[in-house]
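Structural overview
The lines below spell out each chain.
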Amino acid sequence: MVNTPQEQKRKAALAALEVIESGMKLGLGTGSTAAFMVRGLGQLYREHKLNDLICVPTSVATRNLAQEQGLPLTTINDVDRLDLTIDGTDEFDPQLNLIKGGGGALLREKIVASLSDRFVIIADASKEVDQLGRFPLPVEVVPFAWKTVARHIENSGIQALLRASMNPGDPYKTDQGNYILDLQTGGMPDLPKMKWMLEGLPGVVEHGLFLDMADEVFLGKEDRVERITKTN
Ligand SMILES: O=C[C@H](O)[C@H](O)[C@H](O)COP(=O)(O)O
């Protein structure tokens, strides 16, 4: 039986649960793959196979799901550090650099990942790329200056599209009340340069490039889950 993309996500998410131990402080990622992980974790917790957990969700959606699952929650302001965060990704390259934010949660995801001793990614096979950038790069911007930021980026030759919401005519808003620009880079041969350019733009709150942050990927494939560890 060949795993569908949904099955690849589910199997990768459930395989990654094996790295969780009782007593851990955990970051919970956002997205469809992370949702499989949160449901699986909820089940292990309710069955007392994992105990004394403290979880920090990376979005309102994940907080709601984790609450439904009966997982013990806290906020990032109430922890100094986390043992582990498990999250999805939109793309990852051979060095385990990531594009994240397709679901709009990049800001909280990056904060939570940056406080984690270990950052584990769960993904289906479509997320593996040789070079980041086929997927549009999400950039979170303050609504006050979104057009200014978009203009700056477009002057460098990259199209920056304001993400739309479900309500026709309204921009998508993140959990922090910001907008997202989706950058059509078409491929980023120089990731540090892109990072540097975005971080130098006033009005940019955060971007979806997660460079040198992930430690490991659980990759759901058609026939198995592959575990890819970062080589330094
Ligand atoms: O903002 C959303 C996150 O970065 C997600 O982890 C990412 O978009 C992957 O989502 P999914 O697991 O639904 O493909």
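Residues numbered from 1 in each chain as written. Predicted model: local features only at pLDDT ≥ 70, side-chain atom pairs only at ≥ 80, totals over all residues. Heavy atoms only, no water.

**Comments concerning the overall build of the protein chain**
- Tallying secondary structure elements over the protein chain gives 6 helices and 13 strands in all.
- Here the C-alpha radius of gyration of the protein chain, 17 Å, is about what a compact globule of 232 residues would show, namely 17 Å.
- Oriented by its inertia axes, the alpha-carbon framework of the protein chain measures out at about 55 × 35 × 35 Å.
- Look at the contacts in the protein chain between residues 6 or more apart in sequence, and 74% of them connect residues 24 or more apart.
- With the model as given, the accessible surface of the protein chain reaches about 11,300 Å², and the carbon-plus-sulfur share is 50%. (Helix = DSSP H or I, 4+ residues; strand = E, 2+ residues; numbered from the N terminus. Rg over C-alpha atoms; globule rule 2.2 N^0.38 Å. Contact = heavy atoms within 4.5 Å. Areas by Shrake-Rupley, 256 points an atom, 1.4 Å probe, with all protein chains shown as cover.)

**Describing the side chain of Thr-89**
- Structurally, the position occupied by Thr-89 is in the loop between strand E3 (82-87) and strand E4 (91-92).
- Of note is the side chain of Thr-89, whose polar atom sits 2.9 Å from the backbone oxygen of Glu-91.
- In this structure the side chain of Thr-89 is engaged in a polar contact, spanning 3.2 Å, whose partner is the backbone oxygen of Ile-99.
- Among residues more than four places away in sequence, those in contact with Thr-89 are Leu-98, Ile-99, Lys-100, Ile-121, Ile-122, Ala-123 and Lys-127. (Polar contact = N/O pair within 3.5 Å; in protein donor to acceptor, adjacent residues only side chain to side chain.)

**Details of the side chain of Glu-140**
- With respect to the helices and strands, the residue Glu-140 is situated in strand E7 (residues 137-141).
- For Glu-140, the side chain forms a polar contact with the side chain of Asn-178, separated by 2.9 Å.
- Not counting residues within four places of it along the chain, the set of residues in contact with Glu-140 comprises Gly-104, Leu-106, Leu-107, Thr-174, Gln-176, Asn-178, Tyr-179, Ile-180, Gly-203, Val-204, Val-205 and Glu-206.

**Remarks on the domain arrangement of the protein chain**
- Annotation of the protein chain at the domain level lists domain 1 (5-129 + 211-229) and domain 2 (137-205).
- Relative to domain 2, the C-alpha centre of domain 1 lies at a distance of 25 Å.
- Contacts between domain 1 and domain 2 engage 14 residues on the former and 14 residues on the latter.
- Both faces combined, the contact of domain 1 with domain 2 buries some 1,000 Å², and carbon together with sulfur accounts for 61% of it.
- Area buried by domain 1 at its contact with domain 2 is led by Ile-99, Leu-107 and Leu-211, which between them contribute 41% of it.
- Where domain 1 packs against domain 2, one counts 0 salt bridges.
- Linking domain 1 to domain 2 there are 5 residue pairs in polar contact (both at pLDDT 80 or more).
- Considering every element that reaches the side of domain 1 that touches domain 2, the biggest residue donor is helix H4 (residues 106-114), with 3 residues.
- Split by residue class, the side of domain 1 that touches domain 2 holds 5 nonpolar, 6 polar and 3 charged. (Domains from an automatic or database assignment. Buried area = accessible area lost by both parts, 1.4 Å probe. Salt bridge = Lys/Arg side-chain N within 4 Å of Asp/Glu carboxyl O. Nonpolar A, V, L, I, M, F, W, Y, C, P; charged D, E, K, R; others polar.)

**Some remarks on the site of the ligand**
- Taken together, 17 residues lie around the ligand, and Thr-30, Ser-32, Thr-33, Glu-109 and Lys-127 are the ones closest in.
- Here an oxygen atom of the ligand sits 2.7 Å away from a polar atom, N or O, in the main chain of Thr-30.
- Contact distances for the ligand include 2.7 Å between an oxygen atom and a side-chain N or O atom of Glu-109.
- If the ligand stood free it would expose 380 Å²; the protein chains cover 92% of that surface.
- Looking at the shell around the ligand residue by residue, the class counts come to 1 nonpolar, 10 polar and 6 charged. (Near = heavy atom within 4 Å.)

**Some remarks on the sheet that holds strand E13 (residues 225-229)**
- One open sheet holds the 6 strands; their spatial order is E2-E1-E3-E6-E12-E13, and the pairing between them is mixed. If you trace the sheet from one side to the other, it starts and ends with strand E2 (54-57) and E13, each paired once. Averaged over all neighbouring strand pairs, the angle between strand axes comes to 20°, with direction disregarded.
- One ladder, built from 5 bridges, connects strand E6 (residues 116-124) with strand E12 (residues 216-220); its direction is parallel. Among the inter-strand pairings, Ile-121 is bridged to a residue of E12, identified as Val-217. (Pairing = 2+ DSSP bridges. Axes fitted to C-alpha atoms, helices over the stretch in contact; angles between N-to-C directions.)

**Some thoughts on the sheet that holds strand E5 (residues 98-99)**
- Sheet architecture is open: 3 strands sit in the order E4-E5-E11, paired in antiparallel fashion. Both edges of this open sheet fall to E4 and strand E11 (209-210), since each of them pairs with a single strand only.

**Describing unusual backbone geometry**
- If you check the backbone angles, Leu-96 has positive phi at about 65° while not being a glycine.
- Among the structural elements, Leu-96 can be located in the loop between E4 and E5.
- Of the residues examined, Leu-96 reaches a relative accessible area of 2% and is grouped as buried.
- Even without being glycine, Asp-212 reaches a positive phi, approximately 60°.
- Its location among the elements puts Asp-212 in the loop between E11 and E12.
- Assessed through its relative accessible area of 57%, Asp-212 is described here as exposed. (Buried < 20%, exposed > 50% of the residue type's maximum accessible area, 1.4 Å probe, protein only.)

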